[in-house]
Amino acid sequence: MTSWSCSFCGQQGSAETRLAGGLGAMICTDCLSYYTSAVEAAEDGEQLVTPGWDRLTDAEMLGTLPKIAADAAQVDRFLRQWVSLIRERRISYAEIGKALGVSRQAAWERFSRVVDVQDDDDARSGTA
Ligand SMILES: [Zn+2]
């Protein structure tokens, strides 16, 4: 089973590192505490998009790349889980494609193999 990780620092969730989140993005209690304080201390209208990233060394920037890639994979895993929930409601790939701004065929090709494992009729024909 793949565990979730903090989308802010990359720390894996565990009994000691609890996570909260939704829509594929997760946050650990350390980051939640840090960002709560930072947001409360921010000036009106100030956005906290890059917390000191401009001060990282080149090695630190490169070391962050795998964390970002892992987060993208986590969001993609959540997207597949979400589409699976939608498919359990018998909502068609035409509707899923419309919501994502792609064709029914594109939605089916992207998700049917990983989502519809027990939905043989739809998976074979691609007609749902
Ligand atoms: Zn974190």
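Preceding block: the structure.
The model shown is predicted, which means the values in this text are computed figures rather than measured ones. (Residues numbered from 1 in each chain as written. Predicted model: local features only at pLDDT ≥ 70, side-chain atom pairs only at ≥ 80, totals over all residues.)

Engineer: Even after reading the chapter, I still don't get the overall build of the chain, so can you show me in this structure?
Structural biologist: Each helix and strand counted, the chain has 5 helices and 2 strands in total. Counting from the amino terminus, helix and strand elements in the chain follow one another as β-β-α-α-α-α-α. Every one of the 128 residues in the chain was classed for burial, and the buried ones make up 13%. (Helix = DSSP H or I, 4+ residues; strand = E, 2+ residues; numbered from the N terminus. Buried ≥ 20, exposed ≤ 12 C-beta atoms within 10 Å, placed from the backbone.)

Engineer: Explanation requested: the pairing of strand 1 (residues 19–22) in the structure shown.
Structural biologist: Look at any regular strand and the pattern is simple: side chains alternate between the two faces of the sheet. Looking at chain direction, strand 1 and strand 2 (residues 25–28) are connected through 4 bridges and run antiparallel. By the bridge assignment for strand 2, Gly-21 is matched with Met-26. Linking strand 1 back to strand 2 in an antiparallel pair, the connection comprises 2 residues, with Leu-23 at a positive phi of about 55°. (Pairing = 2+ DSSP bridges.)

Engineer: Can you walk me through unusual backbone geometry in this structure?
Structural biologist: Residues apart from glycine generally show negative phi values, whereas peptide bonds are mostly found in trans. Positive phi, close to 55°, is recorded for Leu-23, a residue that is not glycine. Turning to its location among the elements, Leu-23 is positioned in the loop between strand 1 and strand 2. Accessibility expressed as a C-beta count within 10 Å gives 9 for Leu-23, which makes it exposed. Non-glycine residue Arg-90 carries a positive phi angle of around 65°. Of note, Arg-90 is situated in the loop between helix 2 (58–88) and helix 3 (93–100).

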